[in-house]
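Analysis of the macromolecular model
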Amino acid sequence: IMHFCSTIVLFYLTTLVFEKNSMYKYREKTVSRIAMFTCFLFIFSLSGGFQSTFYSEQFSTFFTFPGMYTREYSTKYTASSTIDIVNGPLYLLTSVFFTLAAVNRPNCVLNGLLFLLDLQKIIFRKSGQQSGLKNRLNTHKKREALYPLVSGCFMFCGLVYMVYYTPFEIFCSTSSSADKKPDWCFNSLLSQSKIQSLSSLVPTFMTKTSLYTYIQEKYWNVGFLSYYTANNIPNVLIALPNIVCLL
């Protein structure tokens, strides 16, 4: 069901992008065809098998695509390639969708790069104006840069709370005996640092590896280049057409 709903949102997202931001004025029928073809590629992609089962990928796309849609709908691109935020509350809703996606699958934190991009475009537009116009910026315009900044901070705090703080409180709390605590509980972010004075500034739950990373390394043998073994050659060959297209 989530895969189906994500595909529907992707259709409307693609339609919105091509109708709103394209340099060329496509006909409505052409935009619909592009959106339909995009959904077709999404359904029959290599991740389609995971998307059709009870797995984390479908939850990630279920929250990522609505987040992209609300961001796209709440912004307006100008002729100078900068943006205006025309709907602040809807833009802030984007951070909620992206946070839920990142909590479900931490690599979705890359969605937050859109907030950095928007912030850069807004700052560029502000600083690029002539000095005579600076005094004419009202409070609303000055607050506009806060939307991507607040959204990014909200996403960061939500990710830290769910990925670091909550697992640490459950598995590494002071009520548990030391011999029952996993190794990552003692792997503090500054445990190897020579600057001991900064240790008190970093929360205890901020460890070098999260619980998810620890489980991957210890039980799933996930690490840098560890996937490329002889028994995974068939999987690499299956993905080879996509690699060739990217190159």
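Relevant structure appears above.
Summarised in this report is the structure supplied together with it. (Residues numbered from 1 in each chain as written. Predicted model: local features only at pLDDT ≥ 70, side-chain atom pairs only at ≥ 80, totals over all residues. Heavy atoms only, no water.)

Bringing the overall build of the chain into the picture now. Along the chain, the regular secondary structure elements total 11 helices and 2 strands. Relative to its 247 residues, the chain shows a buried fraction of 31%. If you take every contact in the chain between residues at least 6 apart in sequence, the share linking residues at least 24 apart comes to 61%. For the chain, the exposed area adds up to about 16,400 Å²; of that, 66% sits on carbon and sulfur atoms. (Helix = DSSP H or I, 4+ residues; strand = E, 2+ residues; numbered from the N terminus. Buried < 20%, exposed > 50% of the residue type's maximum accessible area, 1.4 Å probe, protein only. Contact = heavy atoms within 4.5 Å. Areas by Shrake-Rupley, 256 points an atom, 1.4 Å probe, with all protein chains shown as cover.)

Once that is clear, we can look at the packing of helix H5 (residues 88-104) against helix H9 (residues 146-171). The geometry of H5 relative to H9 is characterised by a closest axis approach of 9 Å and an angle of 25 degrees between their N-to-C directions. Judged by the inter-axis angle, H5 sits roughly parallel to H9. The way H5 lies across H9 gives a crossing that is right-handed. Between H5 and H9, the contacting residues are Gly88, Tyr91, Leu92, Ser95, Val96, Phe98, Thr99, Ala102 and Val103 on the first element and Tyr147, Pro148, Val150, Ser151, Phe154, Met155, Gly158, Leu159 and Met162 on the second. Of the residues belonging to the contact of H5 with H9, the class tally is 13 nonpolar, 5 polar and no charged. (Axes fitted to C-alpha atoms, helices over the stretch in contact; angles between N-to-C directions. Parallel < 35°, antiparallel > 145°, perpendicular 65-115°, else oblique. Left-handed = near helix turned anticlockwise from the far one by under 90°. Nonpolar A, V, L, I, M, F, W, Y, C, P; charged D, E, K, R; others polar.)

Between two cysteines, a covalent bond joining their sulfur atoms is known as a disulfide. The tally for this structure, following the rule as stated, stands at 1 disulfide. Considering cysteine sulfurs only, Cys157 is the nearest to Cys153, which forms no disulfide, with 6.3 Å between them. In this structure Cys153 comes out as partly exposed when scored by relative accessible area, which is 42%. (Disulfide = S-S within 2.5 Å.)

This paragraph deals with the environment of Gln216. Along the chain, the position of Gln216 falls in helix H10 (residues 211-219). Among the residues examined, Gln216 registers a relative accessible area of 18% and is labelled buried. Apart from residues lying up to four places away in sequence, Gln216 is in contact with Asn221 and Val222.

Let us now look at the packing of helix H4 (residues 56-74) against H5. In the contact formed by H4 and H5, the axes pass within 8 Å of each other and the chain directions differ by 165 degrees. By the angle between their axes, H4 is roughly antiparallel relative to H5. Taken as a pair, H4 and H5 cross one another with a handedness that is left-handed. Contact residues: H4 offers Ser56, Phe59, Ser60, Phe63, Thr64, Pro66, Gly67, Met68, Thr70, Arg71, Tyr73 and Ser74, while H5 offers Leu90, Tyr91, Leu93, Thr94, Phe97, Phe98, Leu100, Ala101 and Asn104. Here the contact of H4 with H5 is built from residues that sort into 12 nonpolar, 8 polar and 1 charged.

What follows concerns a nonpolar patch on the surface. Residues Ile233, Leu237, Leu240, Ile243, Val244 and Leu247 make up a contiguous nonpolar surface patch of about 620 Å² in total accessible area. With respect to the helices, strands and loops of the structure, Val244 is situated in helix H11 (residues 233-246). (Patch = residues over 30% accessible without salt bridge, like charges linked within 9 Å, V, L, I, M, F, W, Y side chains within 5 Å. Salt bridge = Lys/Arg side-chain N within 4 Å of Asp/Glu carboxyl O.)

The next thing to look at is the side chain of Thr70. With respect to the helices and strands, the residue Thr70 is situated in helix H4. Taking relative accessible area as the criterion, Thr70 reaches 8% and is therefore assigned buried. At 2.9 Å, the side chain of Thr70 forms a polar contact with the backbone oxygen of Gly67. At a separation of 2.7 Å, a polar atom in the side chain of Thr70 contacts the side chain of Thr94. Those residues in contact with Thr70 that lie beyond four places of it in its chain are Leu90, Leu93, Thr94 and Phe97. (Polar contact = N/O pair within 3.5 Å; in protein donor to acceptor, adjacent residues only side chain to side chain.)

Position of Thr207 relative to the elements: it lies in the loop between H9 and H10. Once the C-alpha coordinates of Thr207 and Tyr164 are considered, the two residues, 43 residues apart in sequence, prove to be 7.4 Å apart. Setting aside anything within four residues of it in sequence, one finds Thr207 in contact with Tyr164, Phe168, Trp184, Cys185, Asn187, Ser188 and Leu189.

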